[in-house]
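# Descriptive analysis of the structure
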Amino acid sequence: MTALSVNVNKIAVLRNSRGGGEPDVLRAARTCLDAGAHGITVHPRPDARHIRDYDVFALAELAHARGVEFNIEGNPFAPPRPGYPGLFELCRRTSPAQATLVPDGDDQLTSDHGFDFERDAERLRPRIAELRELGCRVSVFADADRDGIERAAELGAQRVELYTGPYAEAFAAGRTDDALALFAGAARRAQAVGLGVNAGHDLSQANLGAFLRGVPQVLEVSIGHALISEALYAGLDATVRAYVEVIAKAR
Ligand SMILES: CC(=O)[C@@H](O)[C@H](O)COP(=O)(O)O
Ligand SMILES: NCC(=O)COP(=O)(O)O
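The residue numbers shown here count from 1 along each chain, following its written sequence. Chains carry letters from A onward and ligands carry numbers from 1 onward, assigned in written order. It should be noted that, the model being predicted, local features are given only for residues of pLDDT at least 70 and side-chain atom pairs only at 80 or more, the latter also being counted only at that level, while totals for whole chains, interfaces and linings use all residues.

Further remarks concern the confidence of the model for the protein chain. Confidence of the predictor in every single residue is expressed as pLDDT, which spans 0 to 100. Per-residue confidence for the protein chain gives a mean pLDDT of 97, with 100% of residues at or over 70. Interface confidence in the predicted complex, given as ipTM, is 0.97; pTM for the same model is 0.98.

Okay, the site of ligand 1 next. A molecule or strand has a residue near it when that residue's C-beta atom, placed from backbone coordinates, lies within 6 Å of it. What surrounds ligand 1 is the set N7, N9, H43, R45, E73, V102, T110, S111, F141, G200, H201 and G224. Here the shell around ligand 1 is built from residues that sort into two nonpolar, eight polar and two charged. Just so you know the grouping, Ala, Val, Leu, Ile, Met, Phe, Trp, Tyr, Cys and Pro go in nonpolar, Asp, Glu, Lys and Arg go in charged, and all remaining residues, Gly too, go in polar.

Right, let's talk about helix 11 (residues 236–249) for a bit. Helix length check: helix 11 (14 residues) gives 20 Å between terminal C-alpha atoms against 20 Å at 1.5 Å per residue, within 8%. As for helix 11, its buried residues are in contact with strand 1 (3–7), helix 2 (25–34), helix 9 (205–214), strand 8 (218–223) and helix 10 (225–234). Numbering goes from the N terminus for both helices and strands, where a helix is a DSSP run of H or I of at least four residues and a strand is a run of E of at least two. For a helix, the expected span equals 1.5 Å multiplied by the number of residues minus one. In this description, a residue-residue contact is defined by the distance between C-beta atoms placed from the backbone, which must lie within 7 Å.

UniProt positions are given in the numbering used here, feature names are shortened, and annotations may be inferred rather than shown by experiment. Sequence positions flagged by UniProt for "binding site: 3-amino-2-oxopropyl phosphate" (unreviewed entry) are, in local numbering, N7, R18, D202, G224 and H225. Over a stretch of 219 residues, the named residues are scattered through the fold, their C-alpha atoms separated by up to 25.6 Å. Considering the arrangement of structural elements, one finds R18 in helix 1 (residues 9–18). Whether a residue is buried, exposed or partly exposed is read from the other C-beta atoms within 10 Å of its own C-beta, which are placed from the backbone; 20 or more gives buried, 12 or fewer gives exposed, and intermediate counts give partly exposed. Judged by local crowding, R18 falls into the exposed class, with 9 C-beta atoms found within 10 Å. Turning to its location among the elements, D202 is positioned in the loop between strand 7 (196–200) and helix 9. Residue classification places D202 among the buried residues on the basis of 20 C-beta atoms within 10 Å. When sequence neighbours within four positions are dropped, the list of residues in contact with D202 reads T164, G165, A168, H225 and A226.

Moving on to the site of ligand 2. Inspection of the region around ligand 2 gives 14 residues, with N7, G200, S222, G224 and H225 positioned closest. Elements that contribute at least two residues to the shell around ligand 2 include exactly strand 8 and helix 10.

In this structure's numbering, the residues bearing the UniProt feature "active site" (unreviewed entry) are H43, E73 and H201. Across 159 residues in sequence, these annotated residues keep their C-alpha atoms within 12.2 Å of one another, forming a single compact spot. Structurally, E73 is set in strand 3 (residues 69–74). E73 sits in the buried class, given 26 other C-beta atoms within 10 Å. Position of H201 relative to the elements: it lies in the loop between strand 7 and helix 9. Looking at H201, the number of C-beta atoms within 10 Å reads 25, which means it is buried. Apart from the residues lying within four places of it in its own chain, the contact partners of H201 are S111, Y163, T164 and G165.

Next up on the list: the pairing of strand 2 (residues 39–42). In regular strands, side chains alternate between the two faces of the sheet. Across the two faces of strand 2 the burial is the same, with G39 and T41 and I40 and V42 all buried. Here, a strand pair is defined by DSSP locating no fewer than two bridges between the strands. One ladder, built from three bridges, connects strand 1 with strand 2; its direction is parallel. Along strand 2, the bridge assignment pairs N7 with T41. Looking at chain direction, strand 2 and strand 3 are connected through four bridges and run parallel. Within strand 3, the position partnered with G39 by the bridge is E69. A crossover gets the label right-handed when its path from the first strand over the helix to the second runs clockwise, viewed with the strands pointing away from the viewer. Considered for its hand, the β-α-β crossover made up of strand 2, helix 3 (residues 53–66) and strand 3 is right-handed.

Let's shift gears to the sheet that holds strand 5 (residues 137–142). In space, the eight strands of this closed barrel follow the order 1-2-3-4-5-6-7-8, with parallel pairing throughout. In this sheet, adjacent strand axes meet at a mean angle of 25 degrees when their direction is disregarded. Sheet topology note: the strand 4 (residues 98–101)/strand 5 ladder contains four bridges and is parallel. When the sheet's bridge partners are listed, L101 is paired in strand 5 with V140. Lines fitted to C-alpha atoms define the axes, with helix axes restricted to the stretch in contact, and inter-axis angles between N-to-C directions lie between 0 and 180 degrees. Along the sheet, helix 4 (residues 87–94) makes contact with strand 3 and strand 4, crossing strand 3 at roughly 165 degrees.

Listed as buried for helix 7 (residues 165–172) are P166, Y167, A168 and F171. Considering only its buried residues, helix 7 is in contact with helix 8 (176–192) and helix 9. Where helix 7 ends, the next residue or the one after it, G174, has phi of about 75 degrees, a positive value.

This is the structure in structure tokens:
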């Protein structure tokens, strides 16, 4: 079954807007896991606008204590700066089960594209090897509509995470079938060379079921923005349970 990893970035956005400790990122993560989430994702940004290094340390401890997957996302080329030790150092200190490499610039509002595996190959290869030496499974963010997804395997990655922003847009515009064909094709090409397939970005209760029915063998979805937004109305526990049910029904 597809694993649900809840991205708790947005809890930290709210907390940081006032300082202090509320809402409590760790409590939110515990609630998600109690409600059936299979793991926790964070994407600490170099500007520390949401998840901070101390959140990563605390969440890693929680995930390890619960025996669930901890997934840290980030740009492997972003240099450390005060308040952001860098993706490699965070992984070295917290041993996440999975590191997801994302080619974000500092000025991006959010993630909006995957790697160009042709152009970025020689830069990525050593970073992937370093993270694997730490014991992390390495996943790389990938566009479904770009050629060359298979190259991620040659570079040492074990999984790709399909960037699902364009799928979410197509779903909202009623163009779901074409998007699903594109994403299913990308997933199959990745799987044919031994890569596992994850997916994430702008997935929601509304669009997740169709995605999982249309794209074969998605191992994990990481979901944050929509899930936390929906939880404002329905509560975090109920919302996570609803996602787990969507996943179960899509099998
Ligand atoms: C890689 C990805 O799609 C998510 O991590 C997304 O980037 C969430 O990050 P923000 O919460 O900073 O938008
Ligand atoms: N990797 C995607 C992720 O962690 C969450 O993305 P979003 O649901 O916040 O768009």
